[in-house]
Amino acid sequence: MQSPAGTEAGTEAGTDGRTGNRTTDRHTNGNEDSAHVATTQTPPTASGSAHRAAGSARAGTGTRFTRVLGVLTIAALAVLALFALVLSPPDVVQGESVRILYAHVGTVWVAYLAFIVTAVSSGAYLWKRTSSLTWDRIAGASAEIGVLFMAITLFTGSLWGRITWGTFWVWDARVTTTAFLFVTYVGYLAVRGLGGTHEQRARRSAVVALLAVLEIPLVHFSVRLWRSVHQDASVAGSTDVKLDDEMLFTLLLGTVAFTMMYVWYVLHRQRVLAMEDALDDKGLDLALAERRNEGLEARDMTEGTTR
Amino acid sequence: MDHAGFIFASYIAAFGGSAGLAWYAIRRGRALGRQLPDEDKPWI
């Protein structure tokens, strides 16, 4: 977790998530839209140098709100580490391995939340009254962190399984459906990376998101629908929680801390996606203007030689 | 602590993954932000 503090000078709180919704009917560089590609390279638009001159000191995506949220998130994660690794007691049955679950439960909660937000945002995009590319960008940003946290969930779960079940992996109903959910959202991100206009990207990925979210109830109820070695929920939906107070606090702190991380990331990332879209549009505008000028110059030269 | 390697590996993955994603978002935002005028950044 890295705080955005100090990365931009003098920005004010403006956290409504509005973004420049430039819409064009032109082809865009789809690979640049798939921001999950781990690169810090800027889009190779024709306008790179021109835009560089247009930039300002307030270069990033941070606001006062995201900076405060970033600092609070770091503090919450630090307290979580303290309680999870030091202060909370070992479980009477699971022993020390219960400490893995404070990360496991928090990350899977955020993954579910992220995928649901992706679906809701996709629905908002498809609904004509609320249709805006901002919803599409929120959906994309949310799915990215959902995929990462689902991968962490599978990793931490396999480590816990090695201790508790004696193996890293079992083809259990919950574990298998979770892996399937992970692969589905990797596919969703791949669909977002396909070429086309911003609107084409938004429309097709919204449809995929609304279908993919239907897997979440299947994953959640898989432990009841099929015989499973994975335990059912210990806290959620239970009126009689049998957990030590410190363990319960650590579990809830984990969900809160990772949720704060999720909000921080989605705010930043959807702004990055908005800038990528804006650069795509501006790059195309400049490229078209350059081609038009080249055509005019060529025509002038031709007319000059014929006279 | 029993199974300390597994437990620390879990937290390294969770915290390291989160930090990596945050770092990427900030770097990418700053790189793109330098190329765009402020009117294209409504959050400012």
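Calculation notes
Residues numbered from 1 in each chain as written. Chains lettered and ligands numbered in written order. Predicted model: local features only at pLDDT ≥ 70, side-chain atom pairs only at ≥ 80, totals over all residues. Helix = DSSP H or I, 4+ residues; strand = E, 2+ residues; numbered from the N terminus. Contact = placed C-beta atoms within 7 Å. Buried ≥ 20, exposed ≤ 12 C-beta atoms within 10 Å, placed from the backbone. pLDDT = per-residue confidence, 0-100. Axes fitted to C-alpha atoms, helices over the stretch in contact; angles between N-to-C directions. Parallel < 35°, antiparallel > 145°, perpendicular 65-115°, else oblique. Left-handed = near helix turned anticlockwise from the far one by under 90°. Nonpolar A, V, L, I, M, F, W, Y, C, P; charged D, E, K, R; others polar. Core = buried A, V, L, I, M, F, W, Y, C linked by C-beta atoms within 7 Å. Expected span 1.5 Å × (residues − 1).

1. Comments concerning the overall build of chain A
Part 1 of the argument: When its secondary structure is counted, chain A shows nine helices and zero strands.
Part 2 of the argument: Counting helices and strands in the order they occur from the N terminus, chain A gives α-α-α-α-α-α-α-α-α.
Part 3 of the argument: Sequence-distant contacts in chain A: of pairs separated by 6 or more residues, those separated by 24 or more amount to 86%.

2. Some points on the overall build of chain B
Part 1 of the argument: Regarding its fold elements, chain B presents one helix and zero strands.
Part 2 of the argument: Judged by the C-alpha coordinates and their principal axes, chain B covers about 55 × 15 × 10 Å.
Part 3 of the argument: Residue burial in chain B is summarised as follows: out of 44 residues, 43% are buried.

3. Some points on the confidence of the model for chain A
Close inspection of predicted coordinates is inappropriate for parts of the model with low pLDDT.
Part 1 of the argument: Counting all residues, the mean pLDDT for chain A is 80, and 77% of those residues have values of 70 or more.
Part 2 of the argument: In this model, residues 1-53 of chain A is a region of pLDDT below 50 whose contacts with residues beyond four sequence positions or in other chains number 150 contacts.

4. What to know about the packing of helix H5 (residues 133-164) of chain A against helix H6 (residues 173-192) of chain A
Residues and elements named next belong to chain A.
Part 1 of the argument: Interaxial distance between H5 and H6 falls to 10 Å at its minimum, and their mutual angle equals 150°. As summarised for this structure, H5 and H6 are arranged roughly antiparallel, according to the angle between their axes. Between H5 and H6 lies a crossing whose hand is left-handed. Residues Gly140, Ala143, Glu144, Gly146, Val147, Met150, Ala151, Thr153, Leu154 and Gly157 of H5 form the contact with H6, whose participating residues are Val175, Thr178, Ala179, Leu181, Phe182, Tyr185, Val186, Tyr188, Leu189 and Arg192.
Part 2 of the argument: Residues that form the contact of H5 with H6 fall into these classes: 13 nonpolar, five polar and two charged.

5. Comments concerning unusual backbone geometry
Residue and element names in this part refer to chain B.
Part 1 of the argument: Phi angles above zero are rare outside glycine, and His3 is one such case at about 55°.
Part 2 of the argument: Summarising the element assignment, His3 is placed in the segment before helix H1 (4-33).
Part 3 of the argument: A count of 19 C-beta atoms within 10 Å places His3 in the partly exposed class.

6. Observations regarding the packing of helix H3 (residues 64-87) of chain A against helix H4 (residues 98-126) of chain A
In a pair of packed helices, the angle between the axes and the distance between the axes together describe the arrangement.
All names here are of chain A.
Part 1 of the argument: Remark: H3 packs on H4, axes separated minimally by 8 Å, with the N-to-C direction vectors making an angle of 150°. Relative to H4, the element H3 lies roughly antiparallel. Where H3 abuts H4, its residues Leu80, Ala84 and Leu85 lie against Arg99, Tyr102 and Ala103.
Part 2 of the argument: Looking at the contact of H3 with H4, its residues break down into five nonpolar, no polar and one charged.

7. A closer look at the environment of Val186 of chain A
Residues and elements named next belong to chain A.
Part 1 of the argument: Following the sequence through the fold, Val186 ends up in helix H6.
Part 2 of the argument: With 15 C-beta atoms counted inside 10 Å, the residue Val186 sits in the partly exposed group.
Part 3 of the argument: Residues Val186 and Glu144, 42 residues apart in the sequence, show an inter-C-alpha distance of 8.5 Å.

8. Side note on the nonpolar core
Part 1 of the argument: Among the nonpolar cores identified, the biggest contains 73 residues, and Ala114, Tyr185 and Tyr265 of chain A are the most heavily contacted of them.
Part 2 of the argument: If you list the elements that add at least two residues to this core, you get H3, H4, H5, H6, helix H7 (198-212) and helix H9 (245-306) of chain A together with H1 of chain B.
Part 3 of the argument: Examining the composition of this core, we find that 18 residues originate from one element, H9 of chain A, more than from any other.

9. So, H6 of chain A
Part 1 of the argument: For H6 of chain A, built from 20 residues, the straight-helix expectation of 28 Å at 1.5 Å per residue is met to within 8% by its first-to-last C-alpha distance of 29 Å.
Part 2 of the argument: Turning to H6 of chain A, its buried residues number three or more, namely Ala173, Arg174, Val175, Thr177, Thr178, Leu181, Phe182, Tyr185, Tyr188 and Arg192 of chain A.

10. Brief notes about the environment of Arg299 of chain A
Part 1 of the argument: Inspection of the secondary structure assignment puts Arg299 of chain A in helix H9.
Part 2 of the argument: For the pair Arg299 of chain A and Asp285 of chain A, spaced 14 residues apart in the sequence, the C-alpha separation amounts to 21 Å.

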